[in-house]
Amino acid sequence: MSASLVSRTTAAAQWRALGTTVRLVVTDPALLESCNLLLARHLAEVDAACSRFRADSELAALDGTAGRPVRVSPLLAQALDVALRAAEDTDGAVDPTVGSAMDALGYDRDFTLVREDDRPVRLTVRRTPGWRTPGWRTVCLDRATGTVTVPEGVRLDLGATAKAWAADRAAETLAAAAGCGVLVSLGGDTAVAGEPPAGGWQIRVQDVTGSVDETPAEGPYDSVGLRGGGLATSGTTARRWRRGGHDLHHIVDPRTGLPVRSPWRTVSVAAATCADANAASTAALVKGAGAERWLTRRGLPARLVAQNGTVVTTPGWPDSARPVYDAQTAQTAQTAQTVEADRGAGDSGPGTCRREEAA
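Note that the coordinates shown come from a computational prediction; the quantities given were computed from them, not determined experimentally. Each chain has its residues counted from 1, following the order in which its sequence is written. At least 70 in pLDDT is required for a residue's local features to be given in this predicted model, at least 80 for side-chain atom pairs to be given and counted, and no such filter applies to totals for whole chains, interfaces and linings, which use all residues. Calculation of side-chain values draws on the structure's entire complement of heavy atoms; hydrogens and water are dropped beforehand.

The helix and strand labels rest on DSSP assignments: H or I over at least four residues marks a helix, E over at least two residues marks a strand, and numbering proceeds from the N terminus. The helix and strand tally for the protein chain stands at 10 helices and 18 strands. Sorting the 359 residues of the protein chain into buried and exposed places 50% on the buried side. Whether two residues are in contact is decided by their heavy atoms: any pair within 4.5 Å suffices. Nonlocal contacts in the protein chain, meaning residues at least 24 apart in sequence, comprise 67% of its contacts between residues at least 6 apart. Here, Shrake-Rupley sampling with a 1.4 Å probe gives the accessible areas, and only protein chains in the shown set may cover a residue. Summing over all exposed atoms, the protein chain offers an accessible surface of approximately 16,100 Å²; the carbon and sulfur share of this is 49%. Per-residue accessibility, obtained with a 1.4 Å probe over protein chains only, is compared with the maximum for each type, and a residue is labelled buried under 20%, exposed over 50%, and partly exposed between these values.

A few words on the pairing of strand E15 (residues 264–271). Most of E15 is tucked away, with 8 of its 8 residues classed as buried. Note: strand E10 (residues 221–235) against E15, 6 bridges, orientation antiparallel. Bridge pairing in E15 places Ser234 opposite Val267. Here E15 runs beside strand E16 (residues 302–306); their pairing, made up of 5 bridges, is antiparallel. Across the sheet, the residue bridging to Thr266 is Val305, located in E16. We call two strands paired when DSSP finds no fewer than two bridges between them.

Salt bridges are defined by distance alone: a side-chain nitrogen of Lys or Arg within 4 Å of a carboxyl oxygen of Asp or Glu. Within this structure, the stated rule accounts for 8 salt bridges. With a closest N to O distance of 3.2 Å, Asp157 and Arg52 form a salt bridge. Remark: Arg52 occurs in the loop between helix H1 (32–50) and helix H2 (58–61) and Asp157 occurs in the loop between strand E6 (147–149) and helix H6 (162–178); sequence separation between them is 105 residues. Residue classification places Arg52 among the buried residues on the basis of a relative accessible area of 8%.

Here is the structure:
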């Protein structure tokens, strides 16, 4: 839902992976091909580790572990760590244990196949596993030993965080290897690294998915300049399908296991990383009417579009008076203190497992 607008001093490639559109833009056109090859290799590794739709993925293998701790690759461990941190930072609004709920809604394969499936579904309120204790708190990731414990009956889905994290990781890796500015967008989850073009990376945020070369024919849109960090848009209008007379979408409310009913149709957030931005934009849809205040308290510049098309922005969102935003330096220590205060210092809550950081 957000797209890069390419200038004459950059070069771009576009293709598909991870069930979505991949867009790579570099500030040195001579390095586009080599960067694209490196990006393809990186995304193939992420897919093999994190895909919910591949029977041979590392993530799928966790379904049969029956609550036993198992060793995972450093790549999957990092992806799981990002997902669990997102759950903590969003008070559980983004929960990686919604895999079974997604399956029950029919989103159990690549989205291009989901839309073609006409099997009926039965919509039933089903909280994430361990409803007395949020599902994500029942998952134990031990970074020191590289092991993860997933309770029996819990199925993980990293769809709310993995693509954004992969974009962050790829942008940083490519920028370091190529020595130029890099933008990586995975289905609109956009991360930038290296020296940006003059005026920053120009990114269009819009309600409808479309070509980066065409202005949207309908729906509000905005263009901003980004110098660092990430930008993500989450919405309930793009990935939709119909089953048994029900209109469904892919943003699940962990409290019910059903597609969220939100006053917002899209939310765009800029943050220090694309993973942070995407977690916040998804959480905003789940939080609903309280999203604007929640984002403001955390110092996250955001653009929220209501179901009737009304656009609301939080402090810091780039405008004509301040057209270029540097996400990496904008979040202050005060914001971090606010988040810690919300969590409760030293209180990890019931049912949590301490996640050790690797030395």
